[in-house]
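Reading the structure
Chain residues, written in single-letter form:
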Amino acid sequence: MDKLRALQYFAHLAESGSFTQTAAAFSVPPSSVSRRITDLESMLKQQLLQRSTRQVKLTELGALYYQQILPALHGLNDAEDLLKQQQQHPSGMLSISAMPSYGELCLAPILSEFSQIYPDIVLDLHFSDQLSNLRRDQIDIAVRAGNAPDDRIIAKKLSNNHFVLCAAPKYLAKHGLPHTPADLNAHPSLRYRSPEKVLPWYYKHQQQWQELSAPIRLISNHGTSLVNAAINAEGIALLPEWGISQQLAEGSLVTIDVGQDIRVSTAESSGIFLLYQGLKYQIPKVKVAVDFLVSRLTL
């Protein structure tokens, strides 16, 4: 049995749920795919797939096996790309994952220039707040906010991730300007929902971080919705400065100073990081993209 080919078939089946689609992807008959999977299950002495006339699903052990083999298969693909492209100009599919608001406001506007410089690179963009496992997921480059990740991944800091309180001038004219953190508890707040939770607001009181109890008017996982709600005088928002620079410049939003920083995290250092695996940097398409993005986005 060609175990590598069987594993490639199995991984595609896990993602597509279809013998027909998998066979088409590898230009082989469905019977060849079925035979290789049966041989793989016989070798492992485990059932990996539940087959029916309408669909193919992973068994519990099959799902675990899929998660374990995926990094190795991706590593083999990366190694092949590395060898193929060493003597070539940058080309191929490049997968980039970024936070939605940052992707829309900061990343997307510069990618048209990148595509003009490197027309043979096909961009595959994923806008999501979910953290990507670069070793498991088929992601070449990720842009995320937070603290620097572990040193198994290379992290280039693009900028600080400074949050500011803001509101529309008409809101403040009607409801008054808060001057202290405690004053915020009398104002409706516009909150961001991360994949894990609604982000709290913290301030420091007697050297200890305390959570504000400002009433919540709106919760959203879409930064633009919060910006629009703030412009429409629905409440006070705590947003990253890079996300509202245009609104601050034109005056539709103004910052609010309550005497100290209000934060969504008690971590002392935070930033926007560009993440990638060191080995992948040797692949021309990844190298030119990393260099381009760092040169354009670093503040």
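As the structure is a prediction and not an experimental result, all values here were calculated from the model. (Residues numbered from 1 in each chain as written. Predicted model: local features only at pLDDT ≥ 70, side-chain atom pairs only at ≥ 80, totals over all residues. Heavy atoms only, no water.)

So, about helix α7 (residues 223–231). Within α7, burial applies to Gly223, Leu226, Val227, Ala229 and Ala230. Looking straight down α7, one finds its buried side chains confined to an arc of 165°; they lie on one side. Of the surrounding elements, those touching the buried residues of α7 are α5 (100–117), β8 (189–192), β11 (216–220), β12 (236–240) and α8 (245–250). One or two positions beyond α7, positive phi appears at Ala233, with a value near 65°. (Buried < 20%, exposed > 50% of the residue type's maximum accessible area, 1.4 Å probe, protein only. Helix = DSSP H or I, 4+ residues; strand = E, 2+ residues; numbered from the N terminus. Arc of directions from axis to C-beta. Contact = heavy atoms within 4.5 Å.)

Here the focus is the packing of α5 against helix α9 (residues 284–297). Viewed as axis vectors pointing N to C, α5 and α9 meet at an angle of 125°, and their least axial separation amounts to 11 Å. The angle between the axes of α5 and α9 places the two elements in the oblique class. As for the relative orientation of α5 and α9, their crossing is right-handed in sense. Residues Tyr102, Cys106, Leu107, Ile110, Leu111, Glu113, Phe114 and Ile117 of α5 touch α9, and the partners they reach there are Val288, Ala289, Phe292, Leu293, Arg296 and Leu297. (Axes fitted to C-alpha atoms, helices over the stretch in contact; angles between N-to-C directions. Parallel < 35°, antiparallel > 145°, perpendicular 65-115°, else oblique. Left-handed = near helix turned anticlockwise from the far one by under 90°.)

Sheet strands pair by backbone hydrogen bonding; their relative direction is either parallel or antiparallel. Strand order in the open sheet made by the five strands is β11-β8-β12-β7-β13, with mixed pairing throughout. On the outer flanks of this sheet lie β11 and β13 (254–255), each paired with one strand and no other. Where β8 meets β12, two bridges bridge the pair, whose relative direction is parallel. The partner of Ser189 across the bridge, within β12, is Ile236. Sitting on the sheet, α7 is in contact with β8, β11 and β12, with an inclination near 170° to β8. (Pairing = 2+ DSSP bridges.)

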